[in-house]
Amino acid sequence: MTRGKKPAAAIAEAKGFAERMGYHPMDNLSDDLMFDFLIFKRESVRAVKCRQTRYHIDPNGFYDQQFPVEIQGLRSLPFPPFVLRELWLRTQHERVWRRLVVYDLSVEEIGWWGPDEYTNPHAR
């Protein structure tokens with residue numbers, strides 16, 4: 001589990017971001033599952049965990065070392081493989097969400113995704 005309360009304002013803002021990409025958000029009502037909400041549309045279903053951090057996100061670091069609790073929590077979700085797991089990151093001073101797809105053995109930052117009209121200005 002992460003420390004403290006869930007970042008309610010950041011989660012609400014992330015849901016609005018998801019809606020602008022055409023997704024329908026659905027809250028996680030279970031405290032023992034490590035995600036904040038599901039997003040879905042005809043093409044895909046994704047479990048999303050939001051994380052807001054005070055500090056700069058190291059672009060050369062390994063995300064599974066920088067955010068081990070969140071990534072392990074997403075990997076342990078009891079969903080079928082077609083439900084993608086995403087960690088959405090933002091620092092206090094950025095107004096952009098970084099979307100990371102969490103796979104069993106790796107974590108990949110989404111740089112551009114056409115179906116969602118999403119472009120990440122921080123992607124490496």
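Placed above this text is the structure.
Residues numbered from 1 in each chain as written. Predicted model: local features only at pLDDT ≥ 70, side-chain atom pairs only at ≥ 80, totals over all residues. Heavy atoms only, no water.

Let's shift gears to the overall build of the protein chain. Within the protein chain, the regular secondary structure consists of 3 helices and 8 strands. Moving toward the C terminus, one meets the helices and strands of the protein chain in the order α-β-β-β-α-α-β-β-β-β-β. Expected size for 124 residues packed as a compact globule is a radius of gyration near 14 Å; at 13 Å, the protein chain falls within 12% of this value. Of all 124 residues assigned to the protein chain, the portion counted as buried reaches 43%. (Helix = DSSP H or I, 4+ residues; strand = E, 2+ residues; numbered from the N terminus. Rg over C-alpha atoms; globule rule 2.2 N^0.38 Å. Buried < 20%, exposed > 50% of the residue type's maximum accessible area, 1.4 Å probe, protein only.)

This brings us to the packing of aromatic side chains. On inspection of all chains with the given rule, the structure shows 4 aromatic pairs. With a centroid separation of 6.0 Å and 85 degrees between ring planes, the pair formed by phenylalanine 37 and tryptophan 88 is classed as edge-to-face. Taken together, the residues span a long stretch of sequence, with phenylalanine 37 in strand β2 (residues 37-41) and tryptophan 88 in strand β4 (residues 84-91) at a distance of 51 residues. Each member of the pair phenylalanine 37 and tryptophan 88 is classed as buried. (Phe/Tyr/Trp six-rings, centres within 6.5 Å; stacked < 30°, edge-to-face > 60°.)

Let us now look at the environment of isoleucine 110. Position of isoleucine 110 relative to the elements: it lies in the loop between β6 (107-109) and β7 (112-113). The class for isoleucine 110 is buried, based on a relative accessible area of 11%. With 62 residues separating them in the primary sequence, isoleucine 110 and valine 48 have C-alpha atoms 14 Å apart.

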